[in-house]
Each structure stands twice: as C-alpha cells, then as structure tokens.
Amino acid sequence: ILNVEQSPQSLHVQEGDSTNFTCSFPSSNFYALHWYRWETAKSPEALFVMTLNGDEKKKGRISATLNTKEGYSYLYIKGSQPEDSATYLCAFKGGTSYGKLTFGQGTILTVHP
Amino acid sequence: DAGVTQSPTHLIKTRGQQVTLRCSPKSGHDTVSWYQQALGQGPQFIFQYYEEEERQRGNFPDRFSGHQFPNYSSELNVNALLLGDSALYLCASSLGAGGVRDEQYFGPGTRLTVT
C-alpha cells in the first residue's frame, strides 16, 4: 500500500505571510510527483509535475522542490493572498502505476486578510 | 476549449440502488481516470480507461464498473449502493496512456449521497 502523507492538515496564515507545506512519498520506484490546487466548488488545478531529483518549479508566487532520494516535496507560497486559500494536494506516480495517481489527504490553506 | 465536464453535479440515491455518472474529457484527450474522494481524504483511484478498455484498476470492488465510448467520454456505474459510497466522484482526462509527465485535468466532480 502506497503512503502519501501531507502536513500540516490545515494552516491559517495572515495576508502577506510566506508559508510552506510538505508532501512525503515512497522513495522507491519514483516516477513523478504532481501538485494540485483545489478551490472550493471548482476543479482541481494542476500546479506542477516534478520528475527529477532536485527539481525546482515556480509559478508566480508559488514554488516547489523535490527530493526523490528521501521521498519528500515542499510547496512554498510567498506573500500569501486571500485568493491562495485552497486545498493543496500532492499526488505520487510510481514506476509501475501506469497513469494512476496516489494522492495525499491535502493541506487546507486559509489566508486571512 | 471545453475542459473536463461531469454530470450530474449532485445526486441522491437510496441504498441498494444503482447509479451512473458521466464524464466528457478535455478536447483532444483520449484517456479517462475516475477517482473517489471521501470526506477528509485525498482522491482514491478507481480505474482508468484508454482505447475503450479498462487498463488499470484501484482497490475497489466489482460493484464499480465503467465504460469508455468511441468519442472518449466515459461512464462510472456503481451497483448495490452502500452508505459508504457517499463521496465526491472526480473524473480526470489526459492524453495518451500515461507517461512520466502526463498531466491529468480534473472535472468539478459529482457529489453522490446515499441514504
């Protein structure tokens, strides 16, 4: 059974704060790590697909890093805004899981004005 | 360009009934995956359809079945509904049959309530 864990489960920050959260996944048989942002009543939106150890990706104020050897990825948000409030999901794709994504339970971020 | 669409948005069924959920993939996509998200959990993979065949399945009982049509749209069928089947059902589409960088685009989901 694959274990993909995200921490913390929820986070409350003030507008302007920078924040980060963690996704832990199996370090063996790694294929790719996906990050999604999911706002209430909308579809999950793809943020990043990360494949190589040491990968760093950036999209505006959001960035992510990947360590496949130790099995973790960090997502950073710089200068949080209320519109960043959402659930952030990571999903692991293993070498033998053709197309299947194994998701963590998500981190719920609330940014207070 | 239409994204992934799902119907219906919400559905209420009684235990023991059967339900069919529908998904139209993003234009140009040929692969459809279904996920179940129970309250407080991340989405759980049910199965994936490619070229009208189920090519991968998660840990779900045979009560969960699916179909993919020649136009790549897909249906998820659940028989003999249980209270525990109450969840948000997400459909995701992608191009090709997997691969390292394939992105899965998600629909807004169908909320199923079983009473």
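1. With respect to the interface of chain A and chain B
Accessible area lost upon the coming together of the parts serves often as the stated size of an interface.
Turning to step 1, where the next piece is worked out: Between chain A and chain B, the residue contacts involve 23 residues of the former and 23 residues of the latter.
Turning to step 2, where the next piece is worked out: With both chains or domains summed, chain A and chain B bury close to 1,900 Å², and 56% of this area falls on carbon and sulfur atoms.
Turning to step 3, where the next piece is worked out: On inspection of chain A and its partner chain B, the count reaches 0 salt bridges.
Turning to step 4, where the next piece is worked out: One can count 5 residue pairs in polar contact (both at pLDDT 80 or more) joining chain A with chain B.
Turning to step 5, where the next piece is worked out: Of all the secondary-structure elements, those providing two or more residues to the side of chain A that touches chain B are β4 (30–38), β5 (45–50) and β9 (86–94) of chain A.
Turning to step 6, where the next piece is worked out: When residues of the side of chain A that touches chain B are assigned to their parent elements, the largest contribution, 5 residues, is made by β4 of chain A.
Turning to step 7, where the next piece is worked out: A class-by-class count of the residues in the side of chain A that touches chain B yields 11 nonpolar, 8 polar and 4 charged.

2. Some remarks on the state of the cysteines
Turning to step 1, where the next piece is worked out: Tallied over the entire structure, the rule returns 2 disulfides over all chains.
Turning to step 2, where the next piece is worked out: Each disulfide pairs two cysteine sulfurs, and for Cys23 of chain A the partner residue is Cys90 of chain A, the sulfurs being separated by 2.0 Å. Torsion about the S-S bond of the Cys23 of chain A and Cys90 of chain A cystine: about 80°, corresponding to right-handed handedness. Here Cys23 of chain A, found in strand β3 (residues 19–24), pairs with Cys90 of chain A, found in strand β9; they are 67 residues apart in sequence, far enough to count as distant. Of the two residues, Cys23 of chain A and Cys90 of chain A, neither departs from the other in class, the shared state being buried.
Turning to step 3, where the next piece is worked out: Note on cysteine connectivity: Cys23 of chain B is disulfide-linked to Cys91 of chain B, with sulfurs 1.7 Å apart. Here the disulfide of Cys23 of chain B and Cys91 of chain B is left-handed, its torsion about the S-S bond being about -55°. One end of the pair, Cys23 of chain B, is in strand β3 (residues 19–24); the other, Cys91 of chain B, is in strand β9 (residues 87–94), and 68 residues separate them in sequence.

Conventions we followed
- Residues numbered from 1 in each chain as written.
- Chains lettered and ligands numbered in written order.
- Predicted model: local features only at pLDDT ≥ 70, side-chain atom pairs only at ≥ 80, totals over all residues.
- Heavy atoms only, no water.
- Contact = heavy atoms within 4.5 Å.
- Buried area = accessible area lost by both parts, 1.4 Å probe.
- Salt bridge = Lys/Arg side-chain N within 4 Å of Asp/Glu carboxyl O.
- Polar contact = N/O pair within 3.5 Å; in protein donor to acceptor, adjacent residues only side chain to side chain.
- Helix = DSSP H or I, 4+ residues; strand = E, 2+ residues; numbered from the N terminus.
- Nonpolar A, V, L, I, M, F, W, Y, C, P; charged D, E, K, R; others polar.
- Disulfide = S-S within 2.5 Å.
- Buried < 20%, exposed > 50% of the residue type's maximum accessible area, 1.4 Å probe, protein only.

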